[in-house]
Amino acid sequence: MRKPVIAGNWKMYKLLSEAVDTAVALKPLVANANHCEVIIAPVFTALKTVADRVEGSNIKVASQNCAAQNDFGAHTGEIAPVMIKDAGCSHAIIGHSERRQFYGDTDESVNKKAHAAIAAGLVAIVCVGEHLSERESGNANSVVAGQLNTGLAGLTVADMERIIIAYEPVWAIGTGKTATPEQAQEMHSHIRQTVAASHGNEVADAVRILYGGSVKPDNIATLMSQPDVDGALVGGASLEADSFASIVNYK
Ligand code: PEP
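Nothing here was measured: the structure is a model prediction, and the numbers come from that model.

Caption draft 1: Main features of the side chain of K11. Summarising the element assignment, K11 is placed in the loop between β1 (5-9) and α1 (16-30). Here K11 falls in the buried class, since its relative accessible area comes to 17%. For K11, the side chain forms a polar contact with the side chain of E98, separated by 2.8 Å. Not counting chain neighbours up to four residues away, the residues in contact with K11 comprise A41, V43, Q64, E98, I173 and G235.

Next up, the structure:
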């Protein structure tokens, strides 16, 4: 049985006090959400304070990125997964499409970051997804399979227990356009088959696959009713505690 995961990506929003206020407001609203794991991903500068404030609750904290190495050294501006763990996080989002589009993340760097995150004891939320032109030209499946095959290369069966996959079609992120539940299901099933081919059926059956792209309180339930949709990575609608809590409490 795959336990659903509802994760909120706060992107580059919220000063420290605002991040703390949102996290504190969220705590009672999701306190009874035993049906899923609840994760929030504030900016780096808020990670430690937010993690301290939600300690002991059912809210876990993720970073939105991480470095590809854990060794301390000359990597100005980078933050090692081991430091993210040290700040109280349990998860790291890796390869979000905004990082791929604007900050140089590639399938190869995603792979290095996933290895480093797992070595530090984090769970890596690895994002994949096609652009609109790739979907329209009929290449969505091969694009996503390529992202997975390179992004998850070299990970062992044991490592895969620390991987969550987030399918985020780029055309649906922050646009208000959501993939239909059928489109999400079709791609999630393709993702599971791709993981089965690379890591075996048991890993594929166990791995959680989240959908991301304009998830809102009014579309989460239909998305979650699809057999291969195991949760959501939520951007805009995770910024307000009430709206994110309604998504978490979709049942
Ligand atoms: C995201 O940032 O991962 C995302 C899915 O954003 P939104 O929900 O705003 O489309």
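From this point, things continue past the structure.
Caption draft 2: Quick look at the site of the ligand. Taken together, the neighbourhood of the ligand is formed by 14 residues, with K11, E168, G174, S214 and G235 sitting nearest. At 2.7 Å, a side-chain N or O of E168 approaches an oxygen atom of the ligand. Take S214: an N or O atom from its main chain is 2.8 Å from an oxygen atom of the ligand. Here the ligand, which alone exposes 290 Å², has 97% of that area covered by the protein.

Caption draft 3: Geometry of the packing of helix α7 (residues 140-151) against helix α8 (residues 181-199). Remark: α7 packs on α8, axes separated minimally by 10 Å, with the N-to-C direction vectors making an angle of 40°. Classified by the interaxial angle, the pair formed by α7 and α8 is oblique. Seen along the crossing, α7 lies across α8 with a hand that is right-handed. Packed against α7, whose contacting residues are A140, N141, V144, A145, L148 and N149, the element α8 presents M187, H190, I191, T194 and S198 at the interface. In terms of residue class, the contact of α7 with α8 is made up of six nonpolar, five polar and no charged.

Caption draft 4: Geometry of the nonpolar core. In this structure, I6, I163, I165 and I191 are the most contacted members of the largest nonpolar core, which totals 68 residues. Residue contacts for I191: discarding those within four places in its chain leaves V128, V144, L148, I165, Y167 and I209. The next biggest cluster of nonpolar side chains, apart from the first, holds 13 residues, and it includes I125, C127, I164 and L210.

Caption draft 5: Just the packing of α1 against helix α2 (residues 44-54), in detail. Where α1 contacts α2, the two axes come as close as 9 Å, and the packing angle between them is 30°. Comparing the axis directions of α1 and α2 gives the class roughly parallel. Crossing handedness for the pair α1 and α2: right-handed. Seen from α1, the contacting residues are L16, A19, V20, A23, V24 and K27; seen from α2, they are T45, A46, T49, V50, R53 and V54. Tallied by class, the residues present in the contact of α1 with α2 amount to eight nonpolar, two polar and two charged.

Parameters at a glance
Residues numbered from 1 in each chain as written. Predicted model: local features only at pLDDT ≥ 70, side-chain atom pairs only at ≥ 80, totals over all residues. Heavy atoms only, no water. Helix = DSSP H or I, 4+ residues; strand = E, 2+ residues; numbered from the N terminus. Buried < 20%, exposed > 50% of the residue type's maximum accessible area, 1.4 Å probe, protein only. Polar contact = N/O pair within 3.5 Å; in protein donor to acceptor, adjacent residues only side chain to side chain. Contact = heavy atoms within 4.5 Å. Near = heavy atom within 4 Å. Areas by Shrake-Rupley, 256 points an atom, 1.4 Å probe, with all protein chains shown as cover. Axes fitted to C-alpha atoms, helices over the stretch in contact; angles between N-to-C directions. Parallel < 35°, antiparallel > 145°, perpendicular 65-115°, else oblique. Left-handed = near helix turned anticlockwise from the far one by under 90°. Nonpolar A, V, L, I, M, F, W, Y, C, P; charged D, E, K, R; others polar. Core = buried A, V, L, I, M, F, W, Y, C linked by side-chain atoms within 4.5 Å.

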